[in-house]
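Examination of the molecular architecture
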Amino acid sequence: MEIEQLALIDNVERKRYEMHFDGFVPRIEYIQAQDKIYLTHTEVPKELEGKGLAATLTRKVLEDIENKNLTLVPLCPYVAQYIKRHPEWKKLI
């Protein structure tokens, strides 16, 4: 399956966004308080590194945050770096 076609899952119970790929679960953990969402940690299993999963996951998460009209607080260094490279997402902060 193509990475772009992977479904984004908002696992509210575990407080994380995830995508399931080849038996692995790349994820971005978050804390939500009212209309703010704090992205705290991005994790991609070693076996999947270098495939663009973290970037695709981050973009899909940012799209979901935008659709939910939440204010983003990017505490995760990866997410903060992604936004620096893609300044069109600064509007969420």
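Structure: above.
The notes below deal with the structure included here.

Parameters and conventions
Residues numbered from 1 in each chain as written. Predicted model: local features only at pLDDT ≥ 70, side-chain atom pairs only at ≥ 80, totals over all residues. Heavy atoms only, no water. Axes fitted to C-alpha atoms, helices over the stretch in contact; angles between N-to-C directions. Helix = DSSP H or I, 4+ residues; strand = E, 2+ residues; numbered from the N terminus. Parallel < 35°, antiparallel > 145°, perpendicular 65-115°, else oblique. Contact = heavy atoms within 4.5 Å. Nonpolar A, V, L, I, M, F, W, Y, C, P; charged D, E, K, R; others polar. Pairing = 2+ DSSP bridges. Salt bridge = Lys/Arg side-chain N within 4 Å of Asp/Glu carboxyl O. Buried < 20%, exposed > 50% of the residue type's maximum accessible area, 1.4 Å probe, protein only.

Before going further, it helps to examine the packing of helix H1 (residues 53-67) against helix H2 (residues 77-85). Two numbers describe how H1 lies on H2: the axes approach to 11 Å, and their chain directions differ by 80°. In terms of axis orientation, H1 runs roughly perpendicular to H2. Where H1 approaches H2, its residues Ala 54, Ala 55, Thr 58, Arg 59 and Leu 62 are matched on the opposing element by Tyr 78, Val 79, Tyr 82 and Ile 83. Here the residues of the contact of H1 with H2 sort into seven nonpolar, one polar and one charged.

Our focus in this paragraph is the sheet that holds strand S2 (residues 16-18). Ordered in space as S1-S2-S3-S4-S5, the five strands form an open sheet in which the pairing is mixed. At either margin of the open sheet sits one strand with a lone partner, and together these are strand S1 (9-11) and strand S5 (71-74). Put simply, the sheet's adjacent strands are angled 30° from each other on average, direction ignored. For S1 and S2, the ladder comprises three bridges, and the chain directions are antiparallel. Along S2, the bridge assignment pairs Asn 11 with Arg 16. Sheet contacts for H2: strand S3 (27-33), strand S4 (36-43) and S5; angle to S5, the most-contacted strand, approximately 115°.

A few words on the pattern of salt bridges. Evaluation of the coordinates by the stated rule reveals eight salt bridges. The partner of Glu 29 in a salt bridge is Arg 27, with the nearest N and O atoms 3.7 Å apart. With its nearest N and O atoms 2.9 Å apart, the salt bridge here joins Arg 59 to Glu 63. A residue pair is termed a helical-turn pair when its members lie 3 or 4 positions apart in one helix, as Arg 59 and Glu 63 do in helix H1 at four residues. With relative accessibility at 21%, the residue Arg 59 sits in the partly exposed group. Each of Glu 4, Arg 59 and Glu 63 takes part in a single network of salt bridges with overlapping partners.

This part is about the pairing of S3. Relative to S3, S2 is paired through three bridges, and the arrangement is antiparallel. Its bridge partner being in S3, Arg 16 is matched across the sheet by Glu 29. In the sheet, S3 pairs with S4 via seven bridges, with the strands oriented antiparallel. If you follow Tyr 30 over to S4, its bridge partner there is Leu 39.

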